[in-house]
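Residues per chain are reported as follows:
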Amino acid sequence: MAENAATQAGPGGKLFRAGFHALAALRGARAFHPDGLLLKGEFHGLRCDDLALPDEPVAVTVRMSKGAGLPGRLPDALGLAVRIPSADGDPWDLTLTSSGAGLVGRVLPRPSRAWTTGRYSTLLPYRTKGELVWLSARAETPRHAEASLDALRRLVTEGPVSYLVETVRANGHRKPCATLSLHEVDEDSSRPAFDPMLHPPRGWEPRPGWLARLRERAYEGSREGR
């Protein structure tokens, strides 16, 4: 799928790729979400017919980040990326951004003042079994952490931080599908390049196709530029 997306993006996709390449090269980091914190966590699939999730809780790598890389506690579009081992052995990448609620809200990034308030969304839906489905997450930890990486580090060090992951239909129906628990800052692992276009859940297709193709070109440019 990724190869088809790359070859079908056309001139607009090439310009998109070049722009993200230049921005990543200028920053020496990801074009967006350049500053983040790598964490160790546990992903526990719940009873859910939508996704083929591991039967037992699995260890996952998580990166939480600030979209524009704004300093300190300034509100930003906050990112939550998770690499999840799947039941068939091929991992998939889940990337979410702080967003609003409702049909319009969940497709637009929204700056947030804290890591543990509001919702996170995939922004773009997936098509699976003939339906459009978003993935969403919200914190279940009552402790507050302002939108700085130092505050996030303190929050995770003080105790597990939990999120509920849900599927969301176009009509707004939500269904819990997993819990995510963050329990340790990961100082030693290599920095994975999370890419939801290259590593979607099996049987899930990012939609709409033209925007997914542009998004993949952006990921390609950012990877190469940094």
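For the structure, see preceding data.
Residues numbered from 1 in each chain as written. Predicted model: local features only at pLDDT ≥ 70, side-chain atom pairs only at ≥ 80, totals over all residues. Heavy atoms only, no water.

## A short note on the side chain of Arg63
Just so we agree on the cut-off: Labels follow the DSSP assignment, with helices taken as runs of H or I lasting at least four residues and strands as runs of E lasting at least two, numbered in each case from the N terminus. Classification of residues uses two cut-offs on accessible area relative to the type maximum, computed with a 1.4 Å probe and protein chains only: under 20% is buried, over 50% is exposed, and between them is partly exposed. When charges are counted, neither His nor the chain ends are considered; positive counts come from Lys and Arg and negative counts from Asp and Glu. For this analysis, a salt bridge means a side-chain nitrogen from Lys or Arg found within 4 Å of a carboxyl oxygen belonging to Asp or Glu. Polar contacts, as used here, are pairs of N or O atoms within 3.5 Å; protein pairs need one atom able to donate a hydrogen and one able to accept it. Residues neighboring in sequence count only if both atoms are side-chain atoms.
Take Arg63: it is sitting in strand 2 (residues 58-66). Among buried charged residues, Arg63 stands out as having no salt bridge; its nearest opposite-charge side chain is Asp35, 6.2 Å away. Polar side-chain contacts of Arg63 include one of 3.2 Å to the backbone oxygen of Pro34.

## A word on the pattern of salt bridges
Following the criterion strictly, the structure yields ten salt bridges and no others. Of the charged contacts in the structure, one is a salt bridge between Asp93 and Arg83, with a shortest N-O distance of 2.8 Å. Here Asp93 is found in strand 4 (residues 92-99), whereas its partner Arg83 is found in strand 3 (residues 78-84), with ten residues between them in sequence. Judged by relative accessible area, which is 25%, Arg83 ranks as partly exposed. One salt-bridge network, in which partners are shared between bridges, spans Asp50, Glu131 and Arg169.

## A look at the environment of Gly69
Stated formally: We call two residues contacting when some pair of their heavy atoms lies within 4.5 Å.
For Gly69, the location among the structural elements is in the loop between strand 2 and strand 3. As for Gly69 and Gly36, which are separated by 33 residues in sequence, their C-alpha atoms are 8.5 Å apart. Among residues more than four places away in sequence, those in contact with Gly69 are Pro34, Asp35 and Asp76.

Don't take any of this as a statement about function, it's just geometry.
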